[in-house]
Amino acid sequence: MGILDALFGRTKPVKPDLDQLFGVPSAALTLEAGAGFTPTGLGSVCFAAVEGAAFVQVEQQVRALLDADTERGGVPVEASTDGYGYSWLLARHRPAELPELVNDLHAVNSELEANGFGPQLLCSLVAFRDPQGRSLALVYLYKRGTFYPFAPMPGGGEKRNSPLELQVNAMLGNDLRLEKDLNRWFPVWGAPGL
């Protein structure tokens, strides 16, 4: 960072650190103890699809990797496209298999990154639910290397439970690298698995 960057308040972009995803199981324990939220076993990765054979091949490799355990009773990965044209891969595990789910999400991100498609990665999320049926996602922003909580209000519609998001954010400060800029806490309406 140069002197002009310091004078004008510019900072270097944070380099993605996919290993931050491995902090989610620890954060899950904090979430359960502090707010009653438990993992649902669902997690997804969002990326901007690219035209071309190279990307199609990498996407097929990722799906084959995640589907490898289907012969032993695992659930195949689900692919979908949202209303904005972004692609999602949804991985399913039993709620008690959170480390395995995190491994799958890490593998998807790593495979896309290793094949030069890191700039297409947007976010990954892991879903939680509490006994009252409220949903919560821990969203990992690939380009920022940070997490933030996303809590849609129950009953549909596009309203957020901001007090819950702030409560969860305060709880997880020791477990995850949290996004400090609240303007980057983008809603992920209709995200698969949430």
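Preceding this section is the structure that the text describes.
Scoring rules and cut-offs
- Residues numbered from 1 in each chain as written.
- Predicted model: local features only at pLDDT ≥ 70, side-chain atom pairs only at ≥ 80, totals over all residues.
- Heavy atoms only, no water.
- Axes fitted to C-alpha atoms, helices over the stretch in contact; angles between N-to-C directions.
- Helix = DSSP H or I, 4+ residues; strand = E, 2+ residues; numbered from the N terminus.
- Parallel < 35°, antiparallel > 145°, perpendicular 65-115°, else oblique.
- Left-handed = near helix turned anticlockwise from the far one by under 90°.
- Contact = heavy atoms within 4.5 Å.
- Nonpolar A, V, L, I, M, F, W, Y, C, P; charged D, E, K, R; others polar.
- Phe/Tyr/Trp six-rings, centres within 6.5 Å; stacked < 30°, edge-to-face > 60°.
- Buried < 20%, exposed > 50% of the residue type's maximum accessible area, 1.4 Å probe, protein only.
- Salt bridge = Lys/Arg side-chain N within 4 Å of Asp/Glu carboxyl O.
- Pairing = 2+ DSSP bridges.
- Core = buried A, V, L, I, M, F, W, Y, C linked by side-chain atoms within 4.5 Å.

A.B. asks: When you look at the packing of helix α2 (residues 24-35) against helix α5 (residues 162-171) in this model, what are you seeing that I'm missing?
C.D. replies: Contact pair α2 / α5: the axes reach a minimum separation of 10 Å and the direction vectors enclose 120 degrees. The angle between α2 and α5 falls in the class oblique. Here α2 runs over α5; the crossing is right-handed. Residues Thr30, Leu31, Gly34 and Ala35 of α2 lie in contact with α5, whose contacting residues are Gln167, Val168 and Met171. Of the residues contributing to the contact of α2 with α5, the split by class is four nonpolar, three polar and no charged.

A.B. asks: I keep staring at the packing of aromatic side chains and nothing clicks. Help me out?
C.D. replies: Two measures describe an aromatic ring pair: the distance that separates the ring centres and the angle between the ring planes. One pass over the structure, following the stated rule, counts three aromatic pairs. Judged by centre distance (5.2 Å) and plane angle (75 degrees), the ring pair of Phe150 and Trp189 falls under edge-to-face. With a gap of 39 residues between them, Phe150 in strand β6 (residues 146-150) and Trp189 in the segment after α5 connect regions that are remote in the sequence. Accessibility expressed as a relative area gives 0% for Phe150, which makes it buried. Residue classification places Trp189 among the partly exposed residues on the basis of a relative accessible area of 25%.

A.B. asks: Which parts of the structure should I look at to understand the pattern of salt bridges?
C.D. replies: Where charged atoms from two side chains of opposite charge approach closely, those side chains can pair. This model, assessed by the stated rule, comprises six salt bridges. Of the charged contacts in the structure, one is a salt bridge between Arg184 and Asp181, with a shortest N-O distance of 3.7 Å. What makes Asp181 partly exposed here is its relative accessible area of 31%.

A.B. asks: I'm lost on the sheet that holds strand β2 (residues 78-81) in this one. Help?
C.D. replies: To summarise the sheet geometry, strands pair through backbone hydrogen bonds and adopt either a parallel or an antiparallel arrangement. With antiparallel pairing, six strands are arranged side by side in an open sheet as β2-β3-β1-β4-β5-β6. Sheet topology places β2 and β6 at the edges, where each strand pairs with a single neighbour. Strand-to-strand, the axes of this sheet are offset by a mean angle of 25 degrees, without reference to chain direction. As judged from the four bridges shared by β2 and strand β3 (residues 87-92), these two strands associate in the antiparallel manner. Pairing of Ser80 across the sheet is with Trp88, part of β3.

A.B. asks: Sorry, what's going on with the nonpolar core here?
C.D. replies: One broad trend across soluble globular proteins is that nonpolar side chains are buried collectively. Grouped together as the largest cluster of nonpolar side chains are 36 residues, with contacts concentrated most on Val24, Leu31, Phe128, Leu138, Phe147, Leu172 and Leu176. Contributions of two or more residues to this core are made by α2, β1 (38-47), α3 (53-66), β3, α4 (98-114), β4 (121-129), β5 (135-141) and α5. By residue number, the principal contributor to this core is α4, which donates six residues. Leave out the neighbours within four places in its chain, and Leu31 touches Gly36, Phe37, Phe128, Leu136, Leu138, Val168 and Leu172.

A.B. asks: Even after reading the chapter, I still don't get the pairing of β4, so can you show me in this structure?
C.D. replies: Sheet faces and side chains relate simply in a regular strand, where the side chains alternate between the two faces. A large share of β4 lies buried, amounting to seven of its nine residues. Where β1 and β4 come together, seven bridges link them in antiparallel fashion. When the sheet's bridge partners are listed, Gly43 is paired in β4 with Val126. Relative to β5, β4 runs antiparallel, the two being bridged by seven bridges. The residue bridging Cys123 from the neighbouring strand is Leu141, located in β5. Two successive antiparallel strands, β4 and β5, enclose a turn made up of five residues, where Gly133 displays a positive phi of approximately 90 degrees.

A.B. asks: Looking at this structure, how should I read the pairing of β1?
C.D. replies: Of all the 10 residues making up β1, nine are buried; the element is thus mostly covered by neighbouring parts of the structure. As paired elements, β1 and β3 share six bridges and run antiparallel to each other. Looking at the pairing, Phe47 lines up with Ser87 of β3.

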